[in-house]
Amino acid sequence: MTIPAAVVGIVLSSIVVNRLGKDIADDPEIQAKIAAGDIAAPHANAQAVRAEVTVTTAGRNAATIFLLGVAAIVVFGLFKGLRPLDAAGDPIAMTPIIEIVMFVAGTLILLISRPKVSEIPTMTVFKAGMVSAIALFGLAWLTDTFLGAHTELIAGGVGGLVTAVPWIFALGVFLVCVLTTSQSTATRTIVPIGLAAGIPLGLLSGMWAGAFAGIYLLPTNGSQIAAANFDASGSTKLGSKLVDHSFFVPTLVLAATTIAAGAAFGALWGG
């Protein structure tokens, strides 16, 4: 249910997003930046872009090491028995595994590819990543503290609504995603309530997929901050009033279309 619903939501949202804003050629703000030399003009064709890309052995090795690290994380996630054991004899949780593997991958990249470390802090990717990490960690600590102190109240309140009106389940997942920017937290908090309320599995899984869009409703997610930093044109905005950012309307459209599609698929074929 989740994959077909997600595909429907992504396609419909892409159509809507494609109609938002102005094309670069028709945007006076971006054209003014190009005329002033603040940003480069877009390339006329893809061939020009490809001509600027230089493939090096060091870069290829770095990318290979990173991808192998990602593959290792996926394997450890799928096969719990492969993980090292902690002091209590239990498999290490995935969060430390991800941290360990990525630190090892980063070390190997430094040793094998030998990038110019002194230039890393000046790179756009590094700046965007650091801003995103600081913002995301701050939000994660805040929301984790809040939810930890009020778990019973939140679960009880949402649980009562879900029991009375099953479609509230999707809203509950959506709101927890908004508050925490964490899909896993929303799943752990709300899905057991939906199961206890007797929502059919097909309907539950369909609505669950769409509600995840809530992590982008507020401009506090790391990927949003990174996207705004990467966009040299300045057309991707984080706004100043929480609802005036570039991701607000796409998030609502994605959530609504995916939840509707998931609910329909779940009602028809989910049992």
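Check the entry above for the structure.
Cut-offs and rules
Residues numbered from 1 in each chain as written. Predicted model: local features only at pLDDT ≥ 70, side-chain atom pairs only at ≥ 80, totals over all residues. Heavy atoms only, no water. Axes fitted to C-alpha atoms, helices over the stretch in contact; angles between N-to-C directions. Helix = DSSP H or I, 4+ residues; strand = E, 2+ residues; numbered from the N terminus. Parallel < 35°, antiparallel > 145°, perpendicular 65-115°, else oblique. Left-handed = near helix turned anticlockwise from the far one by under 90°. Contact = heavy atoms within 4.5 Å. Nonpolar A, V, L, I, M, F, W, Y, C, P; charged D, E, K, R; others polar. Polar contact = N/O pair within 3.5 Å; in protein donor to acceptor, adjacent residues only side chain to side chain. Buried < 20%, exposed > 50% of the residue type's maximum accessible area, 1.4 Å probe, protein only. Expected span 1.5 Å × (residues − 1). Phe/Tyr/Trp six-rings, centres within 6.5 Å; stacked < 30°, edge-to-face > 60°.

Draft legend 1. Here's a closer look at the packing of helix H4 (residues 57-78) against helix H5 (residues 94-112). Put simply, H4 and H5 touch, their axes get as near as 9 Å, and they point 160° apart. One way to sum up the angle between H4 and H5 is to call them roughly antiparallel. Crossing angle aside, the handedness with which H4 passes H5 is right-handed. Here Asn-61, Ala-62, Ile-65, Phe-66, Gly-69, Val-70, Ala-72, Ile-73, Phe-76 and Gly-77 of H4 lie close against H5, whose contacting residues are Met-94, Ile-97, Ile-98, Val-101, Met-102, Ala-105, Leu-108, Ile-109 and Ile-112. Tallied by class, residues from the contact of H4 with H5 come to 16 nonpolar, 3 polar and no charged.

Draft legend 2. Broad picture of the side chain of Ser-113. Within the fold, Ser-113 resides in the loop between H5 and helix H6 (124-149). Here the side chain of Ser-113 touches Ala-62 through a polar contact of 3.4 Å, landing on its backbone nitrogen. In contact with Ser-113, other than residues within four places in its own chain, are Ala-58, Asn-61, Ala-62 and Leu-108.

Draft legend 3. Structural detail: the environment of Gly-234. Mapping Gly-234 onto the fold places it in the loop between helix H11 (222-230) and helix H12 (248-269). Residue Gly-234 is classed as partly exposed on the basis of its relative accessible area, which comes to 21%.

Draft legend 4. Helix H8 (residues 168-180), seen in detail. Helix length check: H8, at 13 residues, gives a terminal C-alpha distance of 18 Å against a target of 18 Å (1.5 Å per residue), a fit within 8%. Among the 13 residues in H8, 10 count as buried, and that is most of the element. Inspection of H8 places Ile-168, Phe-169, Ala-170, Gly-172, Val-173, Phe-174, Val-176, Cys-177, Val-178 and Thr-180 among the buried residues, and these make up the whole buried set.

Draft legend 5. Summary view of the packing of aromatic side chains. If you walk through the whole model with that rule in mind, you get 1 aromatic pair. Geometrically, the ring pair formed by Trp-208 and Phe-212 is edge-to-face, given 4.8 Å between the ring centres and 70° between the ring planes.

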